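Letter by letter, the chains look like this.
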Amino acid sequence: MRILVAEDDPRLVELLRRGLTGEGFAVDVADNGIRGLELALENDYDVVVLDIMLPGMNGLRVCARMREARIWTPVLMLTARDGEYDEAEGLDTGADDYVTKPFSYVALVARLRALVRRGRRERPPVFVLGDLRVDPATRRCERAGAPVPLTAREFAVLWYLASRHGEVVAKTEILEHVWGDFEGDVNVVEVYVSALRRKIDAPFRRQTIHTVRGAGYRLEDLRTLP
């Protein structure tokens, strides 16, 4: 099994190198994000360990660039308990798991082996409606070839509507899928749908998300790409 460890703490790197080699891994090491990304793009790894706070390019960006390059190798993110970023951001960029420093080495190895057993995840489909493109793997939205910046919640709402394209989706369904346990006003969905219309429709003179009065919202039929 081949593993890439991108970490800039030399003592931790040496600990991981010796320990993982003893566990049967072939270990490559990068001490900055730029080198880590180069190695991830050049080589076929079974799993990648990324520290979030890497110099040159942080781990979140490295992971995002890997996914943009269609590299689906499992990624385990290392996060500092009091760091600038948290595990949710790591998972949002395409990481598969995270461990918070300081961590148990035994637990780390168990998580790595679980990721290796799980293997590369299946790439989710890209949804296309005319000139609108929604890519859940890279969390990118484009219209007429131009990127459309969306917040994480806006993207989640759009992706759910896209995954149910052609169907009428009730506000309560969107709430349950995107927000989970939510006890606030169901009309919060309207706020996000309005924001999506301002971003993906109005600037391009399009109408993508349709309101079905008394029932919910419908995204018109899309093509899906493999």
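Residues numbered from 1 in each chain as written. Predicted model: local features only at pLDDT ≥ 70, side-chain atom pairs only at ≥ 80, totals over all residues. Heavy atoms only, no water.

With that out of the way, let us pick up the overall build of the chain. Assigned secondary structure in the chain consists of 8 helices and 13 strands. Burial statistics for the chain: of 226 residues in total, 42% are counted as buried. Partitioning the contacts of the chain with sequence separation of at least 6, the portion at a separation of at least 24 is 57%. For the chain, the accessible area works out to roughly 11600 Å², and carbon and sulfur atoms hold 48% of it. (Helix = DSSP H or I, 4+ residues; strand = E, 2+ residues; numbered from the N terminus. Buried < 20%, exposed > 50% of the residue type's maximum accessible area, 1.4 Å probe, protein only. Contact = heavy atoms within 4.5 Å. Areas by Shrake-Rupley, 256 points an atom, 1.4 Å probe, with all protein chains shown as cover.)

Okay, the nonpolar core next. Most often, soluble globular proteins have nonpolar side chains that are buried together. Core analysis: the biggest nonpolar cluster contains 25 residues, and Leu161, Ile174, Trp179, Val189 and Ile209 have the highest contact counts within it. Of all elements in the fold, only strand 6 (126-129), strand 7 (132-135), helix 6 (152-163), helix 7 (171-179), helix 8 (188-201) and strand 12 (216-219) reach the threshold of two or more residues within this core. Examining the composition of this core, we find that 6 residues originate from one element, helix 6, more than from any other. (Core = buried A, V, L, I, M, F, W, Y, C linked by side-chain atoms within 4.5 Å.)

According to the stated counting rule, one finds 20 salt bridges in the structure shown. Note that Arg17 and Glu14 form a salt bridge whose closest N and O atoms lie 3.7 Å from each other. Placement of both Arg17 and Glu14 in helix 1 (residues 10-22) is noted, with a separation of 3 residues, approximately one turn of the helix. Overall, Arg17 belongs to the partly exposed group, its relative accessible area being 34%. For Glu14, a relative accessible area of 33% corresponds to the partly exposed category. The closest approach of N and O atoms between Asp51 and Lys101, which form a salt bridge, is 3.3 Å. Taken together, the residues Asp51 in strand 3 (residues 47-51) and Lys101 in strand 5 (residues 97-101) connect sequence positions 50 residues apart. Residue classification places Asp51 among the buried positions, given a relative accessible area of 5%. It is possible to trace a salt-bridge network through shared partners that takes in Asp131, Arg143, Asp201 and Arg206. (Salt bridge = Lys/Arg side-chain N within 4 Å of Asp/Glu carboxyl O.)

It is at 10 Å that the axes of helix 7 and helix 8 come closest, and there the two elements cross at 85°. Here helix 8 runs roughly perpendicular to helix 7, going by the angle between their axes. Facing Lys171, Ile174, Leu175 and Trp179 of helix 7, the residues of helix 8 in contact are Val188, Val189, Glu190 and Tyr192. (Axes fitted to C-alpha atoms, helices over the stretch in contact; angles between N-to-C directions. Parallel < 35°, antiparallel > 145°, perpendicular 65-115°, else oblique.)

Whether parallel or antiparallel, the strands of a sheet pair through hydrogen bonds between backbone atoms. Spatially, the 5 strands line up as an open sheet ordered 2-1-3-4-5, and their pairing is parallel. The strands lining the two open edges of the sheet, one partner per strand, are strand 2 (26-30) and strand 5. Direction aside, the axes of adjacent strands within the sheet are offset by 20° on average. Judged from the 4 bridges that link them, strand 3 and strand 4 (residues 75-80) form a sheet pairing that is parallel. By the bridge assignment for strand 4, Val48 is matched with Val75. Most of the contacts of helix 2 (residues 33-42) go to strand 2, to which it runs at about 140°, and overall it touches strand 1 (2-6) and strand 2. (Pairing = 2+ DSSP bridges.)

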